[in-house]
Structures are given as structure tokens and as C-alpha cells.
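Chain residues, written in single-letter form:
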Amino acid sequence: MDTVKDKKRYEKYLILLILLSLYLSFAETLIPKPFPWLKVGLANIGGIIALEKFGKQMAVEVVVLRILIQGLMLGTLFTPGFIISFVSGMGSLSIMIFLYHFRNKLTLVSISMLSALTHNIIQLLVVYFLLFRNININSKYIMFFIFGFLILGCISGLITGIIGEKLLLRRSKKL
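Residues numbered from 1 in each chain as written. Predicted model: local features only at pLDDT ≥ 70, side-chain atom pairs only at ≥ 80, totals over all residues. Heavy atoms only, no water.

## Digging into the environment of tyrosine 100
And step 1. Relative to the helices and strands, tyrosine 100 is located in helix α4 (residues 80–100).
And step 2. For the pair tyrosine 100 and glycine 55, spaced 45 residues apart in sequence, the C-alpha separation works out to 9.7 Å. (Helix = DSSP H or I, 4+ residues; strand = E, 2+ residues; numbered from the N terminus.)

## As for α4
And step 1. When the terminal C-alpha atoms of α4 are compared, their 30 Å separation across 21 residues agrees well with the 30 Å that a helix rising 1.5 Å per residue should span.
And step 2. Those residues of α4 not exposed but buried are Phe82, Ile84, Ser88, Gly89, Gly91, Ser92, Leu93, Met96, Ile97, Leu99 and Tyr100.
And step 3. Buried positions along α4 lie against α2 (44–54), α3 (56–74) and α5 (108–131). (Expected span 1.5 Å × (residues − 1). Buried < 20%, exposed > 50% of the residue type's maximum accessible area, 1.4 Å probe, protein only. Contact = heavy atoms within 4.5 Å.)

## Description of the environment of leucine 99
And step 1. Within the element layout of this structure, leucine 99 appears in helix α4.
And step 2. Measuring from C-alpha to C-alpha, the distance between leucine 99 and leucine 22 comes to 24 Å, with 77 residues separating the pair along the chain.
And step 3. When near neighbours in sequence (up to four residues on either side) are disregarded, leucine 99 contacts Leu106, Ile111 and Leu114.

## What about the confidence of the model for the protein?
And step 1. Residues of the protein with pLDDT of at least 70 account for 92%, and the chain-wide mean is 86.
And step 2. Averaged pLDDT values over the elements of the protein bottom out at 86 in helix α6 (residues 140–168) and peak at 94 in α3. (pLDDT = per-residue confidence, 0-100.)

## Let's talk about the packing of α2 against α4
And step 1. Between α2 and α4, the shortest axis-to-axis distance is 11 Å and the interhelical angle comes to 30 degrees. Here α2 is positioned roughly parallel relative to α4, judged by the angle of their axes. The handedness of the crossing between α2 and α4 is right-handed. Only Met96, Ile97 and Tyr100 of α4 make contact with α2, whose side of the interface consists of Ile48, Leu51 and Glu52.
And step 2. A per-class count over the contact of α2 with α4 returns five nonpolar, no polar and one charged. (Axes fitted to C-alpha atoms, helices over the stretch in contact; angles between N-to-C directions. Parallel < 35°, antiparallel > 145°, perpendicular 65-115°, else oblique. Left-handed = near helix turned anticlockwise from the far one by under 90°. Nonpolar A, V, L, I, M, F, W, Y, C, P; charged D, E, K, R; others polar.)

Structure follows, in C-alpha cells:
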């Protein structure tokens, strides 16, 4: 009886965290930004909560399902934007899960910042190979853009990590 009850509870939290991530992702489009593709990454709060409270399996499910559902809802499934989002999301989630093994030494804020930085580096690499591999990137303007982009990623990871830390309050796994 407990396993059925636990499974239902797990599914409820999974759905809740996916919906939270989707809502934050769509709400984030209302925030003014210097570039249309730039996001703070608030949708990652659902993944952070899933990892902290329920473990890596739920974190992977939340992130993968959020990206897939978002791609379906926006009609961007399997477009370059979706591929960029999926690959960089999986890369940053992998780093987040790896760093989480050192949770006793790292805060959620530092884990969030490092995974956001990883997300942006992977995003830049995927964009380069998908769209710009025939362009010379040795320009000082491109390097300035890349440097600024990575700094903005760290700032967004800081914001997301602080919000995630405040929402969690205590580190107790409940399932």
C-alpha cells in the first residue's frame, strides 16, 4: 500500500515541479531584457528543488519534460532553438548533479552559478556548430559578446540559486 501511495506522491510532486518550471519559463518572457533570447533561468528552480528534495532522477525528469513540453507548446520541437535548449539543459543538469555530490561543501547558489555558466558555454558551442561554424570568431567584438554572455550567465545562476535556496529553507528529503 505504501509503494502505491509513495508513487502517487512522487507523481504529484513531479507534475507540480514541471508546471512550476513551465510557468516560470513563460513568466520570464515578460521580463525586459537586452536580447530576446536572454533569460534569467527561473525555470531551473524546479530542477534545483527536485534535485535537493527528491534526488537526481526527479531532477532529470523535471528538466527533460519541461524542455519537451515547452517545445511542443511553442511549436519549436526539433528546431535549432530546441536543440540548443535541450543539449545545454542536459549539460548543465549533468554538472549540477555532479556538483551536488559535494553538497556538504557547496551551496545551492554556487552549484546554480556553475551550472548556469556550463549552460552558457555549451549553448555557445552548440550555436557555433549549428549556425556559425563557417564564420571567423577571432573578432574582438565576438569575444566581448562571449565574455559578457558568460558573465550574464553567472549573474542569472546567482539569482536562480538565491531564489532556490530561499524556497527550500531546509534540506530534508521527503519521499
